[in-house]
Amino acid sequence: MKKKIFLLQGIFILLISIVFLGARNTSAQNTACPAVVLQGGRVTLATDLKSEGTYRVWSRMKAGNTTGSNAFHIQIDDNCPVKVGGSGNISSNDWTWVDYQNADTSSKIDVNLTSGNHVITLIGGSEARTYPGVSVDKLLLTQDPTCVPADFGDNCPADSTVTPSPEPNVTLTPAPSSQVSAFIESNGRVVMEAESHDRNISRTHDGTEQRWQNDTTLDNFSGDRAKKALPNVGSVALLNSSGVPSNSPEMIYNINFTQAGTYYIWTRSSGVDADTNSIHAGLDAVTQTNSSNLRTYFRGYQGLNTIWRWYSEKSQDSATRASITIDTAGIHTFHIWMREDGAVVDKIVLTKDAAWQPPTPSDKGPVESQRGLFGGASPTPLPGTATVLNFSSVKLHGIGSGGASSNPTLQGNPNPITPVKSLVAEIYDSEGSLVTSGQGNIVFSKTTGDFSGKVILDPNVPFVSGDYLVKIKTDKFLKRQLGGIITINSGSENNMPQVALIAGDSNGDGLLSVLDWNVLLDCFSDLEPAKNCADPAKKSSADISDDGNVNQDDLTTFLAEISVVLGD
């Protein structure tokens, strides 16, 4: 019988963290999984199987220690996670091939898989504990159950490989006991549109009920709208003895911080006068010394002829930077309270970089950070219990059969170095208000040249079946609204129409401009090396075709895209 083997070269130490991601289900799906919290770090792999069949799953692994750190979980597509190993015969010094589960050497890991692409996720923990130091060197999937790998597994010849997707090399504290949707801080920065709050609480102040309300009256707002503290009746909310603004309307944002430390607060704001230009901010429901009484902008201040401006300073002490201090990594809540009603907040940036500034006073700033699901008494809900968006064909311009704006049939790079990409979906009602969102993986298929995968909507936000607008976004591509009004049924799997995303948003500001072109030119290399591209992240952002190079292909694709300037 012909063997199928997929090898992951290199050693991956699994970290104590958790990010639940949706994945395409092309294998037989279990309708119910045991209640298990997978709270270890993740490595995500992708492969494209040539044939259907039953595969024996082998892992070449090494225990983290001699006292029980000898297991990890593996999940294929949307099947239930399986605990690999767990017995005392797995060495912490030498590599061991393991094909069994739950410490039972007679219980083999066999899975029925269809042909086509699949997602394999390695997770370094369970509901009871994590398994620090466990290493996984190679995975082998074979249709021959008599094939027992030896040494590096070369006795089972490989005809394909799986590829790890990039994951942040961080260590997180355990997530809370209930599943939380949160913004993901990355590289010391998190960016939030003001309207993307997790809670918006109205309160009665001086006899008047006040609330942060949607505001679209000012031109050039970022995202879908700004938020304004209304009604504007001249109220000022002071701090009580516990460091909380008394009876002040409040917006709350869940954030998963991967790094502790001091984060400087920048707000893009606007107001009509000096009585509408201050807010309070805080962490975990209280203000801190440098997060209360923060200045926001009022139009015309100091002769500035602009509607919006970024601020990062105390209201009565412009020499003191606005900031919060994170003592421990993990899930925290960030709060914006009204200090003076009439203040308008459009966008929030928290950054560890004390020198960071927005490019210009009225610039919209960086693109909003992505969200993820953390913690929980059960894994991310499986299809059948959650509301799932099934994307069978996402075309990314410049990659595979993605095409380009000027030529939809144009063929791009057939071998992207990042075959698994994160996809964010946003659901809007008929009035353009954001209802909920979700995040998942899309996986590249060499057969079709498209990406496909699933997005699970946030289970913490009540969702009612109905007709909605759907927008999606992935890194380096403009946000795109799917065609037409789409009926989405709650608690079901919903098929989404084919969609193509516009490439070239190298700086992540949601539009194609000369700024993106300059990034391409800085990193372009052909006969001569790149002139200004020492930062690997900058090179990656300029690599439109995702082939590891920035060359004429990327410039040609960008020029073919420039007819579309703004994302949806």
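Note that the coordinates shown come from a computational prediction; the quantities given were computed from them, not determined experimentally.

A.B. asks: Now, about the overall build of the protein chain: what can you tell me, with residues and values included?
C.D. replies: Of regular secondary structure, the protein chain possesses three helices and 38 strands. Partitioning the intrachain contacts of the protein chain with sequence separation of at least 6 by distance along the chain shows that 74% fall at a separation of at least 24.

A.B. asks: So what about the pattern of salt bridges? Which residues, and what values?
C.D. replies: Scanning the model with the defined rule gives 13 salt bridges in all. Aspartate 346 is the partner of arginine 268 in a salt bridge, and the nearest nitrogen-oxygen pair spans 2.5 Å. Of this pair, arginine 268 sits in strand S22 (residues 261-270) while aspartate 346 sits in strand S28 (residues 344-351); the two residues are 78 residues apart in sequence, bridging distant segments of the chain. Residue lysine 538 pairs with aspartate 522 through a salt bridge whose shortest N-O separation is 2.9 Å. Here lysine 538 is found in helix H2 (residues 536-542), whereas its partner aspartate 522 is found in helix H1 (residues 514-523), with 16 residues between them in sequence. Among the residues examined, lysine 538 registers a relative accessible area of 23% and is labelled partly exposed. Residues participating in the shared-partner salt-bridge network are Arg56, Asp99, Lys108 and Asp110.

A.B. asks: Got a sec to walk through the state of the cysteines? Specific residues and values, please.
C.D. replies: Evaluated as defined, the whole model comprises one disulfide. Disulfide pairing is shown between cysteine 523 and cysteine 533; the S-S distance is 2.0 Å. Between cysteine 523 and cysteine 533 the disulfide shows an S-S torsion of about 80 degrees. By sign, it is right-handed. You can see cysteine 523 sitting in helix H1 and its partner cysteine 533 sitting in the loop between H1 and H2, a full 10 residues away along the chain. Exposure class is identical for cysteine 523 and cysteine 533. Each is buried.

A.B. asks: Got a sec to walk through the layout of surface pockets? Specific residues and values, please.
C.D. replies: Of the pockets and cavities examined, the second largest pocket occupies roughly 410 Å³. Looking at the second largest pocket, it is lined by 19 residues, and the ones nearest its centre are Pro359, Asp363, Asn507, Asp509 and Leu515. Of all the elements, H1 adds the most residues to the lining of the second largest pocket, at four residues. Of the residues contributing to the lining of the second largest pocket, the split by class is seven nonpolar, seven polar and five charged.

A.B. asks: How would you explain helix H3 (residues 552-561) if you had to name every residue and give the values?
C.D. replies: Here H3 has its buried residues at Asp554, Leu555, Thr557, Phe558, Ala560 and Glu561. Buried-residue contacts for H3 involve strand S38 (499-501), H1 and H2. By the N-cap criterion, in which a side-chain oxygen at the helix start approaches the backbone nitrogen of a residue two or three places on, H3 is capped by asparagine 551, the distance to aspartate 553 being 3.1 Å.

A.B. asks: Before we move on, can you summarise the nonpolar core with the specific residues and values?
C.D. replies: Within the largest apolar cluster, 37 residues are counted, with the highest numbers of intra-cluster contacts made by Leu389, Phe391, Val470 and Ile472. Ranked by residue count, the leading element in this core is strand S30 (residues 388-396), at four residues. In this view, isoleucine 472 contacts Phe391, Leu423, Val424, Ala425, Leu478, Lys479, Arg480, Leu482, Val499 and Leu501; residues no more than four positions away in its chain are not counted. Trp212, Phe257, Ile265 and Leu294 belong to the second-largest nonpolar core, a separate cluster that totals 27 residues.

A.B. asks: Describe in detail the environment of proline 359, supporting the description with residues and values.
C.D. replies: Mapped onto the elements, proline 359 comes out in the loop between S28 and strand S29 (371-374). By relative accessible area, proline 359 is classed as exposed at 66%. Proline 359 sits 49 residues away from tryptophan 310 along the chain, and the two C-alpha atoms are 10.0 Å apart.

A.B. asks: I'd like to hear about the side chain of aspartate 99, residue by residue, with values.
C.D. replies: Looking at the element boundaries, aspartate 99 is found in the loop between strand S7 (96-98) and strand S8 (100-101). By relative accessible area, aspartate 99 is classed as buried at 4%. In terms of polar contacts, aspartate 99 uses its side chain to reach the side chain of arginine 56, at 3.4 Å. With residues near it in sequence (within four places) discarded, aspartate 99 still touches Arg56, Val57, Trp58, Ser107, Lys108 and Ile109.

A.B. asks: Now, about H1: what can you tell me, with residues and values included?
C.D. replies: Of all the positions in H1, only Asp516, Val519, Leu520, Asp522 and Cys523 are classed as buried. End-on view of H1: buried residues confined to an arc of 160 degrees, all on one side of the axis. Contact partners of the buried residues in H1: H2 and H3.

A.B. asks: Please set out the pairing of strand S11 (residues 116-123) residue by residue, giving values where relevant.
C.D. replies: Taking burial as the measure, the eight residues of S11 include eight buried ones, the bulk of the element. Taken together, the four bridges between strand S5 (residues 71-76) and S11 define a ladder with antiparallel strand orientation. Note that in S11 the partner of isoleucine 76 across the bridge is isoleucine 120.

A.B. asks: Outline the pairing of strand S31 (residues 420-428), supporting the account with residue identities and numerical values.
C.D. replies: Counting buried residues in S31 gives eight out of nine residues, a clear majority hidden from the surface. The sheet contact formed by S31 and strand S32 (residues 434-444) spans nine bridges and is antiparallel. Across the sheet, leucine 423 pairs through a bridge with glycine 440, a residue of S32. Counting the residues between successive antiparallel strands, the hairpin from S31 to S32 contains five residues, one of them, glycine 432, with a positive phi of roughly 85 degrees. Both S31 and strand S34 (residues 466-473) contribute to a ladder of five bridges, which runs antiparallel. The partner of isoleucine 427 across the bridge, within S34, is valine 470.

A.B. asks: An account of the environment of proline 459 is needed here, citing residue identities and associated values.
C.D. replies: By the element assignment, proline 459 lies in the loop between strand S33 (451-457) and S34. By relative accessible area, which is 38% here, proline 459 ends up partly exposed. Each C-alpha atom of the pair proline 459 and serine 181 lies 8.3 Å from the other, and the pair is 278 residues apart in sequence.

A.B. asks: I'd like to hear about the packing of aromatic side chains, residue by residue, with values.
C.D. replies: This model, assessed by the stated rule, comprises eight aromatic pairs. Ring centres of tryptophan 517 and phenylalanine 558 lie 5.7 Å apart, and the angle between their planes is 35 degrees; this geometry places the pair in the tilted category. With tryptophan 517 in helix H1 and phenylalanine 558 in helix H3, this pair connects stretches of sequence that are 41 residues apart. We classify tryptophan 517 as partly exposed; its relative accessible area is 24%. Classification of phenylalanine 558 as buried rests on a relative accessible area of 3%. An aromatic cluster is present here, built from Trp266, Trp310 and Trp356 joined pairwise through their rings. The ring of tryptophan 95 is capped by lysine 62, whose NZ or CZ atom sits 4.5 Å from the centre of that ring. A cation over a ring is seen here: lysine 471 above tyrosine 428, with NZ or CZ 4.7 Å from the ring centre.

Quick notes on the rules
- Residues numbered from 1 in each chain as written.
- Predicted model: local features only at pLDDT ≥ 70, side-chain atom pairs only at ≥ 80, totals over all residues.
- Heavy atoms only, no water.
- Helix = DSSP H or I, 4+ residues; strand = E, 2+ residues; numbered from the N terminus.
- Contact = heavy atoms within 4.5 Å.
- Salt bridge = Lys/Arg side-chain N within 4 Å of Asp/Glu carboxyl O.
- Buried < 20%, exposed > 50% of the residue type's maximum accessible area, 1.4 Å probe, protein only.
- Disulfide = S-S within 2.5 Å.
- 1 Å grid on protein atoms, 1.4 Å probe; cavity = no way out; pocket = protein on both sides within 12 Å on 5 of 7 lines; lining within 4 Å.
- Points joined across faces, edges and corners; volume = space filled by probe spheres on them.
- Nonpolar A, V, L, I, M, F, W, Y, C, P; charged D, E, K, R; others polar.
- Polar contact = N/O pair within 3.5 Å; in protein donor to acceptor, adjacent residues only side chain to side chain.
- Core = buried A, V, L, I, M, F, W, Y, C linked by side-chain atoms within 4.5 Å.
- Arc of directions from axis to C-beta.
- Pairing = 2+ DSSP bridges.
- Phe/Tyr/Trp six-rings, centres within 6.5 Å; stacked < 30°, edge-to-face > 60°.
- Lys NZ or Arg CZ within 6 Å of the ring centre and 35° of its normal.

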